[in-house]
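The chain contents come next:
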Amino acid sequence: MVIAGCGFLGEAAAFLFSESGARVLGLCATQATAERLAGKPFAILKADITGTLSGIPQEWTRPDLLIHCASSGRGGAEDYRKIYRDGLSNLLEVLTPQRVIFTGSTSVYAQDGGEWVDEQSPAEPLRETGRILLEAEALALGAGGIVARLAGIYGPGRSVYLRKFLEGRAVLEAGGARWINQIHRDDEARALRHLADPQIPPGIYNVCDNTSATQLDVYGWIAACLNKPLPPEGPADPDRKRALTSKRVSNAKLLRTGWAPGFQ
């Protein structure tokens, strides 16, 4: 199998699949990452997923599984188009995998009234970046694959809410009533391994934990844990990667396939 994008999530997934006995090739964007991961229990190769991919050995073409979990960082529409839509299109054409999983985002749901959303709910993102994700989803679904719509990922050394709290930049937007949906990185890696099972039907799956929480809930837990006061109230942050939404994402479809999060 090939994992395109061996960053925060892709590296964890590569280890998990390797431990399960899979032969894994991880593609990464920088030489520094390739050197850091050299000698791990999976093969690693620096590659531009939008390029010719001529450096990929022939033995890795037509893999049993391709997982696209490359990230655009905080890039805008141009980077999204390059990494997600064009990158996936190029990988599908060059590698011709037998099965594909594309890691999208629950940000494609633009609902902002606190309602529950599932895979049948309208996905009408307000930002161009969200619409590009839908274009990439269509490529994966058109290839008979799976789209894993990820909630906000946190895990070892990474939590946007904890970081903002510790840096004094946390704000309770409009009192903190906005709903937040998250998923621990290790649960997401396990979800990818679960969805790789050929018995799992193709389609869209929301990947999040079992506990939607308001922003006030999240900062309340952090404040209580650190014995610190709550952040002040203030306006919404306009410089956010994801659009400003407020919805509760249902993971019921994925739960019905037998997966369950370890972090609730």
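The following paragraphs examine the structure supplied in this document. (Residues numbered from 1 in each chain as written. Predicted model: local features only at pLDDT ≥ 70, side-chain atom pairs only at ≥ 80, totals over all residues. Heavy atoms only, no water.)

### Examining the nonpolar core
- Core analysis: the biggest nonpolar cluster contains 39 residues, and Ile3, Phe17, Ile67, Ile101, Leu192 and Leu195 have the highest contact counts within it.
- Listed by contribution, the elements that provide at least two residues to this core are helix H1 (8-19), helix H2 (31-37), strand E7 (146-150), helix H6 (185-195) and strand E12 (203-207).
- Sort the elements by how many residues they give to this core and H1 lands first, with 6 residues.
- Apart from the residues within four sequence positions on either side, Leu195 is in contact with Arg99, Ile101, Ile146, Ala148, Ile200, Tyr205 and Leu254.
- Ranked by size, the runner-up nonpolar core spans 27 residues in total, among them Leu88, Leu91, Leu133 and Val147. (Core = buried A, V, L, I, M, F, W, Y, C linked by side-chain atoms within 4.5 Å. Buried < 20%, exposed > 50% of the residue type's maximum accessible area, 1.4 Å probe, protein only. Helix = DSSP H or I, 4+ residues; strand = E, 2+ residues; numbered from the N terminus. Contact = heavy atoms within 4.5 Å.)

### Digging into the sheet that holds strand E1 (residues 2-4)
- Taking strand neighbours across the sheet as the criterion, the 7 strands line up as E3-E2-E1-E4-E5-E7-E12 in an open arrangement whose pairing is parallel. Either end of the sheet is taken by a strand with one partner, and the two such strands are strand E3 (43-46) and E12. Neighbour-to-neighbour, the strand axes of the sheet open up by a mean angle of 20 degrees, direction not taken into account.
- Across 5 bridges, strand E5 (residues 100-105) lies against E7 in parallel orientation. Its bridge partner being in E7, Gly104 is matched across the sheet by Arg149.
- Here H1 sits on the sheet and contacts E1, strand E4 (66-68), E5 and E7; the angle it forms with E1, its principal contact strand, is near 170 degrees. (Pairing = 2+ DSSP bridges. Axes fitted to C-alpha atoms, helices over the stretch in contact; angles between N-to-C directions.)

### Focus on unusual backbone geometry
- Although it is not a glycine, Leu53 adopts a positive phi angle of roughly 60 degrees.
- With respect to the helices, strands and loops of the structure, Leu53 is situated in the loop between E3 and E4.
- Note on Leu53: relative accessible area 8%, which makes it buried.

### With respect to the packing of helix H3 (residues 77-95) against helix H4 (residues 128-142)
- H4 packs onto H3 with a crossing angle of 5 degrees between their chain directions and a minimal axis gap of 9 Å. Comparing their axes, H4 and H3 come out roughly parallel. Residues Ala77, Tyr80, Arg81, Tyr84, Arg85, Leu88, Ser89 and Leu92 of H3 form the contact with H4, whose participating residues are Glu128, Thr129, Ile132, Leu133, Glu135, Ala136, Leu139 and Ala140.
- Of the residues assigned to the contact of H3 with H4, the class counts are 10 nonpolar, 2 polar and 4 charged. (Parallel < 35°, antiparallel > 145°, perpendicular 65-115°, else oblique. Nonpolar A, V, L, I, M, F, W, Y, C, P; charged D, E, K, R; others polar.)

### Describing H4
- Spanning 15 residues, H4 covers 21 Å between terminal C-alpha atoms, matching the ideal 21 Å at 1.5 Å per step.
- Buried residues of H4: Thr129, Gly130, Ile132, Leu133, Ala136, Glu137 and Ala140, and no others. The arc that holds the buried residues of H4, viewed along the axis, is 155 degrees, so those residues lie on one side.
- Note on H4: the residue one or two positions beyond its end, Gly144, has a positive phi of about 75 degrees. (Expected span 1.5 Å × (residues − 1). Arc of directions from axis to C-beta.)

### A closer look at the pattern of salt bridges
- A full pass over the atoms with the stated rule returns 10 salt bridges.
- Across the pair Glu167 and Arg169 runs a salt bridge whose closest N-O atoms are separated by 2.8 Å.
- Using a relative accessible area of 48% as the deciding quantity, one classes Glu167 as partly exposed.
- Linked by salt bridges that have partners in common, Arg85, Asp86 and Glu135 make up one network. (Salt bridge = Lys/Arg side-chain N within 4 Å of Asp/Glu carboxyl O.)

### A closer look at the packing of H1 against H6
- Where H1 contacts H6, the two axes come as close as 9 Å, and the packing angle between them is 55 degrees. With respect to each other, H1 and H6 are oriented oblique. Pair H1 / H6 crosses with right-handed handedness. Here Phe8, Leu9, Ala12, Ala13, Leu16 and Phe17 of H1 lie close against H6, whose contacting residues are Arg185, Glu188, Ala189, Arg190, Leu192 and Arg193.
- Within the contact of H1 with H6, the residues separate by chemical class into 8 nonpolar, no polar and 4 charged. (Left-handed = near helix turned anticlockwise from the far one by under 90°.)

### Quick word on the side chain of Ser212
- By secondary structure assignment, the location of Ser212 is in the loop between E12 and strand E13 (213-214).
- On the accessibility criterion, Ser212 (16% relative accessible area) is buried.
- At 2.7 Å, the side chain of Ser212 forms a polar contact with the side chain of Asn181.
- Residue contacts for Ser212: discarding those within four places in its chain leaves Trp116, Trp179, Ile180, Asn181, Arg248 and Val249. (Polar contact = N/O pair within 3.5 Å; in protein donor to acceptor, adjacent residues only side chain to side chain.)

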